[in-house]
Amino acid sequence: MGFERWVDYALDVPMYFVKRDESYIDVAGSSFRDFFTGRHPAFPGERPTLSDWANHLSTIFPEVRLKRYLEMRGADGVPWGRLPALPAFWVGLLYDDTSLDAAWDIVKHWSAGERQALRDDVPRLGFKARIRDRYLFEIARECMALAHLGLQRRAHTDHAGRDESRHLEPLDRILATGRTPAEEMLEKFHGPWRGSVAPAYEEYAF
């Protein structure tokens with residue numbers, strides 16, 4: 001994957017809308033490539049603007065979305081207490097060359113098929129998902145350690161002298177229990193919630 005391949009992919013992703021002034025025009029199902037070449041049935045002969053392209057890219061939902069930065073989309077909608085943990089985790093891994101190289105060493109031998117199989121297994125199995133001969137829990141612990149070290153080496157501190165690794169504390173607590181938040185919810189569903197999802201709207205409202 002590179003910039004050119006990403007553009008080729010995005011050109012053929014079906015569109016949702018085109019915005020003109022304050023109106024959103026439904027163009028569902030058509031491709032940006034047709035729009036780009038002036039063959040869009042709703043806009044014959046019209047070429048898209050850069051704003052049209054930016055809007056189109058915002059409607060594509062891969063795990064990592066390329067904007068003016070890399071948008072890591074794997075953990076949408078977390079409670080406020082865990083909100084800083086996700087960017088801190090990725091900064092610790094990606095903004096420090098030593099941690100980035102070590103993280104690459106963990107994953108570089110995985111095939112595309114193995115990565116996809118892990119992605120498919122995680123929603124069902126959580127930390128018990130495996131890739132090759134390793135449980136995801138082991139990999140998560142290693143990656144968390146690398147993120148901690150990366151943030152410590154960055155040495156960006158607050159008024160109390162604490163570095164950014166303090167934002168990882170909610171994830172540290174999850175690893176310490178060995179249970180994912182989804183597993184905790186399932187225990188409540190089969191226990192005190194008595195098979196109802198209604199309590200989730202109160203206990204997990206944020």
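Residues numbered from 1 in each chain as written. Predicted model: local features only at pLDDT ≥ 70, side-chain atom pairs only at ≥ 80, totals over all residues. Heavy atoms only, no water.

Okay, the packing of helix α7 (residues 136–154) against helix α8 (residues 169–177) next. Between two packed helices, what matters for the description is the angle formed by their axes and the separation of those axes. At their nearest, the axes of α7 and α8 sit 11 Å apart, and the two run at 150° to each other. The pairing of α7 with α8 is recorded here as roughly antiparallel in orientation. For α7 against α8, the interelement crossing comes out left-handed. The residues of α8 that touch α7, namely those facing F137, A140, R141, M144 and H148, are L171, D172 and L175. Split into classes, the residues belonging to the contact of α7 with α8 amount to 5 nonpolar, 1 polar and 2 charged. (Axes fitted to C-alpha atoms, helices over the stretch in contact; angles between N-to-C directions. Helix = DSSP H or I, 4+ residues; strand = E, 2+ residues; numbered from the N terminus. Parallel < 35°, antiparallel > 145°, perpendicular 65-115°, else oblique. Left-handed = near helix turned anticlockwise from the far one by under 90°. Contact = heavy atoms within 4.5 Å. Nonpolar A, V, L, I, M, F, W, Y, C, P; charged D, E, K, R; others polar.)

As a further point, take the pattern of salt bridges. As enumerated under the stated definition, the model contains 18 salt bridges in all. Two residues, D12 and R33, come together in a salt bridge whose shortest N-O distance is 2.8 Å. Here D12 is found in the loop between α1 (3–11) and β1 (17–20), whereas its partner R33 is found in helix α2 (residues 32–36), with 21 residues between them in sequence. Its relative accessible area of 46% is what places D12 among the partly exposed residues. Of the residues examined, R33 reaches a relative accessible area of 29% and is grouped as partly exposed. (Salt bridge = Lys/Arg side-chain N within 4 Å of Asp/Glu carboxyl O. Buried < 20%, exposed > 50% of the residue type's maximum accessible area, 1.4 Å probe, protein only.)

On to the environment of Y16, then. Turning to its location among the elements, Y16 is positioned in the loop between α1 and β1. Separated by 39 residues in sequence, Y16 and N55 have C-alpha atoms that sit 9.4 Å apart. Apart from the residues within four sequence positions on either side, Y16 is in contact with I25, D26, V27, A28, T59 and F61.

When β1 meets strand β2 (residues 23–26), the two strands line up antiparallel, connected through 4 bridges. Paired with F17 across the two strands is D26, which belongs to β2. Turn length for the β1-β2 hairpin, with the two strands adjacent in sequence and antiparallel, is 2 residues, and the turn residue D21 shows positive phi of about 55°. (Pairing = 2+ DSSP bridges.)

What follows concerns the nonpolar core. In terms of nonpolar packing, the biggest core is built from 22 residues, with F89, L93, I106, W110, L118, I139 and L168 touching the most fellow members. Among the elements of the structure, α4 (85–94), α5 (97–107), α7 and α8 are those that each provide at least two residues to this core. When residues of this core are assigned to their parent elements, the largest contribution, 8 residues, is made by α7. In terms of nonpolar packing, the next biggest core, distinct from the first, is built from 13 residues, M15, F35, F43 and I60 among them. (Core = buried A, V, L, I, M, F, W, Y, C linked by side-chain atoms within 4.5 Å.)

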